[in-house]
Amino acid sequence: MTCVVYKHPFIVGDQKYTRDYGNTRLGRYTKIYVLDKPTYKLYTAYAGDSGTEHLFNSYMLAAFDNDHEAMSKAHKLCKEYSDKAISCVGIVLHVVDKKVTTYTVGMNLLLTPIEWPYLTIGSGEDLAAGAFEMGADAWQAVDVATRMDGACGYPLDGYNVVTGEYTIHYSPATLGQVKSVSVVSNVLPASFSIVPAVC
């Protein structure tokens, strides 16, 4: 019910908000959070139970502040609120002096540092990953997911994590020249190339 991606320097996500298991559209909201601290900044996003963002973010701040008591409290609240919040997946970007360290978040809120050309989470993650493999940027990758996954949708918003600049696009037209897979004909634009897989 989400697609959030990171490909340096952009973290981008869709804003469609749906009820779990019903795909009932409830409105829109940002899925990317910016947590400013005096010595660092965190950009966070996760795919899990809606409504638990504040618990997720409290845990991440405590983790990066090495506040074990606050981490324990946030972890306990997450577990009491929903088992899904504990088994969420997420992206956390730790920015210090414009240097970005990327982390994935998995079971039991375990933070794992990772170096990868891009990160994707949510129901549209495979579509976005495919777009990345064909040369898309972060905006184009989420655009592909919104066109092909009914649980994702416009508007898209995101940040340049180096400059902190925020951008929102309300429709594909505002992305400029969007290079995405045609849903109707499945014809790839000329700017994409397919590299055969080596097995």
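Residues numbered from 1 in each chain as written. Predicted model: local features only at pLDDT ≥ 70, side-chain atom pairs only at ≥ 80, totals over all residues. Heavy atoms only, no water.

### A short note on the nonpolar core
Filter applied, for reference: We define the nonpolar core as a collection of buried residues of types Ala, Val, Leu, Ile, Met, Phe, Trp, Tyr and Cys that are connected through side-chain atoms lying within 4.5 Å of one another. For every residue, the accessible area (1.4 Å probe, protein chains only) is compared with the maximum for its type, and the residue is labelled buried under 20%, exposed over 50%, or partly exposed between those bounds. Helix and strand labels come from DSSP, where a helix needs a run of H or I of at least four residues and a strand needs a run of E of at least two; each type is numbered from the N terminus. In this analysis, two residues are considered to be in contact whenever any of their non-hydrogen atoms come within 4.5 Å of each other.
With 19 residues, the main nonpolar core has Cys3, Val5, Val12, Phe132, Val142 and Leu156 as its most contacted residues. Elements supplying a minimum of two residues to this core: helix H4 (125–133) and helix H5 (138–148). Ranked by the residues each element gives to this core, the list is headed by H5, at six residues. Leave out the neighbours within four places in its chain, and Phe132 touches Val5, Lys7, Tyr118, Leu119, Thr120, Asp137, Ala138 and Ala141. Counting residues in hydrophobic clusters, the runner-up holds 16 residues, among them Leu42, Tyr46, Ala74 and Val92.

### Notes on the sheet that holds strand E2 (residues 10–14)
Inclusion rule: A pair of strands counts as paired when DSSP detects no fewer than two bridges linking them. Helix axes are fitted only over the stretch in contact, all axes being lines through C-alpha atoms; the angle between N-to-C directions runs from 0 to 180 degrees.
With antiparallel pairing, the five strands of this open sheet are ordered in space as E10-E1-E2-E11-E12. Of all the strands in the sheet, just strand E10 (119–121) and strand E12 (166–169) have a single pairing partner and so form its edges. The average undirected angle you get between the axes of adjacent strands in this sheet is 15°. Pairing of E2 with strand E11 (residues 156–160) involves five bridges; the strand directions are antiparallel. The residue of E11 that forms the bridge with Asp14 is Leu156. Of the strands in this sheet, strand E1 (4–7) and E10 are in contact with H4, which crosses E10 at around 155°.

### Topic: the packing of aromatic side chains
Rule in force here: Whether two aromatic rings pair depends on their centres lying within 6.5 Å, for rings of Phe, Tyr and Trp, where Trp uses its six-membered ring; planes under 30 degrees apart make the pair stacked, over 60 edge-to-face, and the rest tilted.
Applying the stated criterion to the full structure yields seven aromatic pairs. Each ring, one from Tyr46 and one from Phe56, has its centre 4.6 Å from the other, and the planes form 15°; the classification is stacked. In this pair, Tyr46 is assigned in strand E6 (residues 41–47) and Phe56 in helix H1 (residues 53–64), connecting sequence segments ten residues apart. In terms of burial, Tyr46 and Phe56 fall into one category: buried.

### What to know about the confidence of the model for the protein
For clarity, the cut-off: Values of pLDDT, ranging from 0 to 100, describe the predictor's confidence in every residue of the model.
Within the protein, residue pLDDT values average 79, and 74% of them lie at 70 or more. In this model, residues 19–24 is a region of pLDDT below 50 whose contacts with residues beyond four sequence positions or in other chains number 14 contacts. The model gives residues 177–199 a pLDDT under 50, and that stretch makes 28 contacts with residues more than four places away or in other chains.

### Some points on the environment of Val161
Counting through the fold element by element, Val161 comes out in the loop between E11 and E12. Sequence spacing of Val161 and Val100 is 61 residues, and the spatial spacing of their C-alpha atoms is 7.8 Å. Not counting residues within four places of it along the chain, the set of residues in contact with Val161 comprises Tyr6, Pro9, Ile11, Tyr43, Leu93, Val95 and Val100.

### A few points about the side chain of Asn57
To keep things clear, this is the line we draw: Two N or O atoms count as a polar contact when they lie within 3.5 Å, although within protein this holds only if one can serve as hydrogen donor and the other as acceptor, and sequence-adjacent residues are included solely when both atoms are side-chain atoms.
Considering the arrangement of structural elements, one finds Asn57 in helix H1. Here Thr44 takes part through its side chain, which lies 2.5 Å from a polar atom of the side chain of Asn57. Residues in contact with Asn57, not counting those within four places in the same chain, are Tyr33, Leu35 and Thr44.

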